[in-house]
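Structural features, examined
Now for the letters of each chain:
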Amino acid sequence: MQRRTLLHAGAALGLFAMAPPLFAAGKLKPGARAALIVVDVQNCFVDGGTLPVKGGAEVVPVINKLSSAFENVVVTQDWHTPGHASFASAHAGQKAFSSVKLNYGDQVLWPDHCVQGTEDAALHKDLSLPTAQLIIRKGFRKGIDSYSAFEEADRKTPTGLAGYLKARGIQTVYVTGLATDFCVAWTALDARKAGFEAYVIEDATRAIDLNGSLAAAWKQMAAKGVKRIQSTDIQTA
Ligand SMILES: [Zn+2]
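Cut-offs applied
Residues numbered from 1 in each chain as written. Predicted model: local features only at pLDDT ≥ 70, side-chain atom pairs only at ≥ 80, totals over all residues. Heavy atoms only, no water. Helix = DSSP H or I, 4+ residues; strand = E, 2+ residues; numbered from the N terminus. Core = buried A, V, L, I, M, F, W, Y, C linked by side-chain atoms within 4.5 Å. Buried < 20%, exposed > 50% of the residue type's maximum accessible area, 1.4 Å probe, protein only. Contact = heavy atoms within 4.5 Å. Disulfide = S-S within 2.5 Å.

Notes on the environment of Thr81
Secondary-structure assignment places Thr81 in the loop between strand S2 (73–78) and strand S3 (99–102). Each C-alpha atom of the pair Thr81 and Gln116 lies 5.9 Å from the other, and the pair is 35 residues apart in sequence.

Structural notes on the nonpolar core
With 60 residues, the main nonpolar core has Val38, Leu165, Tyr174 and Met221 as its most contacted residues. At seven residues, helix H4 (residues 180–193) tops the list of elements feeding residues into this core. Not counting residues up to four positions away in its chain, the partners in contact with Met221 are Thr180, Ala185, Ala188, Leu189, Val200 and Val226. By size, the runner-up hydrophobic cluster in this structure holds eight residues, among which are Ala88, Val100, Tyr104 and Ala153.

Focus: H4
For H4, the tally of buried residues reaches eleven of 14 residues, placing the bulk of the element in the interior. All of the buried residues along H4 are Thr180, Asp181, Phe182, Cys183, Val184, Ala185, Thr187, Ala188, Leu189, Asp190 and Ala191. Packing partners of the buried residues in H4 comprise strand S1 (34–39), strand S4 (105–108), strand S5 (134–138), strand S6 (172–178), strand S7 (197–206) and helix H5 (213–223). Of the residues flanking the end of H4, it is Gly195, one or two places downstream, whose phi is positive at about 95°.

As for unusual backbone geometry
That bond from Leu178 to Ala179 is cis: its omega, -10°, falls within 30 degrees of zero. Examined against the element boundaries, Ala179 turns out to sit in the loop between S6 and H4. Even without a glycine there, the phi angle at Asp209 is positive, about 55°. Counting through the fold element by element, Asp209 comes out in the loop between S7 and H5. Relative accessible area serves as the criterion here: at 42%, Asp209 is assigned to the partly exposed category.

Points about the state of the cysteines
Tallying each qualifying case throughout the model produces one disulfide. Across the disulfide from Cys44 sits Cys114; the S-S distance is 2.0 Å. Sign of the S-S torsion, about 95° for the bond between Cys44 and Cys114, identifies this disulfide as right-handed. Note that Cys44 is positioned in the loop between S1 and helix H2 (59–67) and Cys114 in the loop between S4 and S5, a separation of 70 residues in sequence. Classification of Cys44 as buried rests on a relative accessible area of 0%.

What follows is the structure, given as C-alpha cells:
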C-alpha cells in the first residue's frame, strides 16, 4: 500500500516523465533516399578568404556531425576561372557588391574569389566528410556564374546533379553550407523545381545578407515549399 502511494505521488509530480527517452521520437532520419548537400564550405568563404561570410567557419563542426546521419553526401565547390564574369574586376568601372546585366540577366559582382586550383578555392581544412560521394564544381565557365548546385545562372545549363540524384533513387535533399541567401537558397529552390523534397538546415548555414537578401531568400524558399529546420531536428549518432 505504501509503495503504491509512492508510485502515485511520483506520477503526479511528473517524476517518471523526466527519465531519458529510449529513442528520440519525432526526429528526422534521412535514410537511403536522402542526400546531404554541403554547399561551398571553402576557404574563400570563411575568415581569411577572398569573400568571407560572417561566421562561415562555424558551420564546419555542425556539418561534420550531421554527415554521420546520411548515407549520401554531395559536396559543391565554387570554382571560377581567373577573370570570371562574376568578378567586379572583370567589368571596367564596377565595384564589388554592385549589380550588372549580363546576357543571361542580373548578376551581383563579387571580389575575385574561389579561383580554380588555388588554396582559396580548397574545401575548408576541418571539413571532414570521408563518406562524400560527389563533388560538383560550379561557376567554372568564364561567362556564367552558378549559385545553384543544380543549374547555372543562365537558368538553362544543368550541372547534372538532378540526374545523378534521381538515378540513385534519391527523393529528398538537405541543404547546408554557404551562403544561406545565395548558393544555399538557389540550390534548395532548384531542388524543389527538379521535384525533390528540400530542407535547409539553418544552423548549418551562414548568410551574406546583402540589402535584405537573407529575409527575401527565406520568404522565397517558404513559398516554394522548402522546409526550414535546425540540425537538432535530425537524428545523429
Ligand atoms: Zn562564386
